[in-house]
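Next come the chains, spelled out residue by residue.
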Amino acid sequence: MPLSPSQTRELLEQLGHRPRKQLGQNFLIDGNIVRKSLELANVSSGDHVVEIGPGLGTLTRALLEKGAIVHAVEFDPKLGDHIESIAQDEANLHLVKGDALDHPLGDLPSDIGDYKIVANLPYAISTPWMAVVLERQLPSVMTLMLQKEAAQRYAAKSGTKQFGAISIFLHAAFDILPGHDVSGSCFYPKPDVGSTLLHLRRKSDPYRFSPESSQLIRDIFQQRRKQIASLLRKSKSDTAKVWLGKLESVGIEPNARPEQIETKLWIALDKEQS
Ligand SMILES: C[S@@+](CC[C@H](N)C(=O)[O-])C[C@H]1O[C@@H](n2cnc3c(N)ncnc32)[C@H](O)[C@@H]1O
């Protein structure tokens, strides 16, 4: 069970720690959300699970109770020391004290068979962190607490204003279940933004864009209202030249706007290139 608001305040006082807003320190105090996260990720004994920002250790303890081998990364030195004290008695808890952008999967061995990610993410780093995760071996599932707007962008379909490069990269590799909005009262202190629990399951045939193609898609979405052919014509990337010649053969109108082009067509373009 997570700590209640008063137990959370007591522990923070004991540690001499004030929640740091710039590090997104809104700690989970709702048992149902912790249970739901573990259930969605179907965490079972022996699973390798990456957790970003263990904080006071609420989710961490629940993962350990399930028998998971937890690879956690905590940036805040004081909270890192607190988690380290838990790790002394827990052979299954591996902590990296550092920045998740430098250690996106903690100390997870690169030759690990499969792994999951379960985290109440620090909202400010969720998108750059996700970009690095997508360059590594993909997890089988990700159950993530995100800022509501980020969750909407990740799950967005073409034709919506939230649809962007990150939506394409995620839809190419994962099935994304509809998110659950989570009340601010599930956290201490309450965040000033909305939160959504999002669950992503790796596809049986996940598609990953090459680094060049990923960069080109990001560049294209900087000007999402312009026509695709014109954007490709102006781009200096070699990939853009190839895509320009293939637009119509994969079924993309030259005057389509990037936000109207479905993920499967971006994949078709990228496959044409290789
Ligand atoms: C939303 S809190 C989650 C805390 C805890 N997991 C929970 O659910 O109660 C985010 C956590 O991420 C940590 N954090 C913030 N930026 C980080 C970064 N760049 N790398 C690793 N951890 C970070 C914060 O210190 C905090 O512990």
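Residues numbered from 1 in each chain as written. Predicted model: local features only at pLDDT ≥ 70, side-chain atom pairs only at ≥ 80, totals over all residues. Heavy atoms only, no water.

Student: How would you summarise the overall build of the chain if you had to cite specific residues and measurements?
Tutor: Counting its secondary structure elements, the chain contains 11 helices and 9 strands. Computed over the C-alpha atoms, the radius of gyration of the chain is 20 Å, within 12% of the 19 Å expected from 2.2 N^0.38 for a compact globule of 274 residues. Summarising its shape, the C-alpha atoms of the chain cover approximately 65 × 40 × 30 Å along the three principal directions. Considering the chain as a whole, with its 274 residues, one finds that 50% of them fall into the buried category. (Helix = DSSP H or I, 4+ residues; strand = E, 2+ residues; numbered from the N terminus. Rg over C-alpha atoms; globule rule 2.2 N^0.38 Å. Buried < 20%, exposed > 50% of the residue type's maximum accessible area, 1.4 Å probe, protein only.)

Student: Lay out the environment of Gly 194 in plain terms, naming residues and giving numbers.
Tutor: By secondary structure assignment, the location of Gly 194 is in the loop between strand 8 (187-188) and strand 9 (195-202). On the accessibility criterion, Gly 194 (32% relative accessible area) is partly exposed. Along the backbone, Gly 194 and Ser 204 are 10 residues apart, and their C-alpha atoms lie at a distance of 32 Å. When near neighbours in sequence (up to four residues on either side) are disregarded, Gly 194 contacts Tyr 123, Leu 146, Gln 147 and Lys 148. (Contact = heavy atoms within 4.5 Å.)

Student: Give me the sheet that holds strand 2 (residues 48-52): which residues, what numbers.
Tutor: Strand order in the open sheet made by the 7 strands is 4-3-2-5-6-9-7, with mixed pairing throughout. Each end of this open sheet is capped by a strand with a single partner; those strands are strand 4 (93-97) and strand 7 (174-182). Put simply, the sheet's adjacent strands are angled 20° from each other on average, direction ignored. On top of the sheet, helix 2 (residues 31-40) reaches strand 5 (116-120), strand 6 (141-147), strand 7 and strand 9; it is set at about 15° to strand 9, its chief contact. (Pairing = 2+ DSSP bridges. Axes fitted to C-alpha atoms, helices over the stretch in contact; angles between N-to-C directions.)

Student: Please provide a residue-by-residue account of the UniProt feature "domain: Ribosomal RNA adenine methylase transferase N-terminal" (unreviewed entry) in the chain, values included.
Tutor: Using the residue numbers shown here, the UniProt feature "domain: Ribosomal RNA adenine methylase transferase N-terminal" (unreviewed entry) corresponds to residues 33-204. Split by type, residues 33-204 is 30% helix and 27% strand. Its first and last C-alpha atoms lie 28 Å apart. (UniProt positions renumbered as here; feature names shortened; annotations may be inferred.)

Student: Could you give me a rundown of the site of the ligand, with the residues and numbers involved?
Tutor: Neighbouring the ligand are 22 residues, the closest being Gln 25, Leu 28, Gly 53, Glu 74 and Asn 120. Gly 53 places a main-chain nitrogen or oxygen 2.7 Å from a nitrogen atom of the ligand. Between Phe 75 and the ligand, the recorded distance is 3.3 Å, taken from a backbone N or O atom to a nitrogen atom. When the residues that make up the shell around the ligand are grouped by side-chain class, the tally is 11 nonpolar, 7 polar and 4 charged. (Near = heavy atom within 4 Å. Polar contact = N/O pair within 3.5 Å; in protein donor to acceptor, adjacent residues only side chain to side chain. Nonpolar A, V, L, I, M, F, W, Y, C, P; charged D, E, K, R; others polar.)

Student: Could you give an account of helix 5 (residues 126-133), with specific residues and numbers?
Tutor: An α-helical turn contains 3.6 residues, so a residue and the one three or four places further along point in the same direction. Buried within helix 5 are the following residues: Ser 126, Trp 129, Met 130 and Val 133. Down the axis of helix 5, the buried side of the element spans an arc of 100°, and every buried residue falls inside it. Elements that come into contact with the buried residues of helix 5 comprise strand 2, strand 5, strand 6, helix 6 (148-155) and helix 7 (165-173). (Arc of directions from axis to C-beta.)

Student: I'd love a proper account of the packing of aromatic side chains, names of residues and values included.
Tutor: One pass over the full model with this rule turns up 5 aromatic pairs. Each ring, one from Phe 163 and one from Phe 221, has its centre 6.0 Å from the other, and the planes form 75°; the classification is edge-to-face. Of this pair, Phe 163 sits in the loop between helix 6 and helix 7 while Phe 221 sits in the loop between helix 8 (211-220) and helix 9 (228-234), and the two are 58 residues apart along the sequence. Taking relative accessible area as the criterion, Phe 163 reaches 0% and is therefore assigned buried. Seen from their ring centres, Phe 221 and Trp 266 are 5.8 Å apart, and the 45° between their planes marks the pair as tilted. Here Trp 266 lies in helix 11 (residues 263-273) and Phe 221 lies in the loop between helix 8 and helix 9, a separation of 45 residues in the sequence. (Phe/Tyr/Trp six-rings, centres within 6.5 Å; stacked < 30°, edge-to-face > 60°.)

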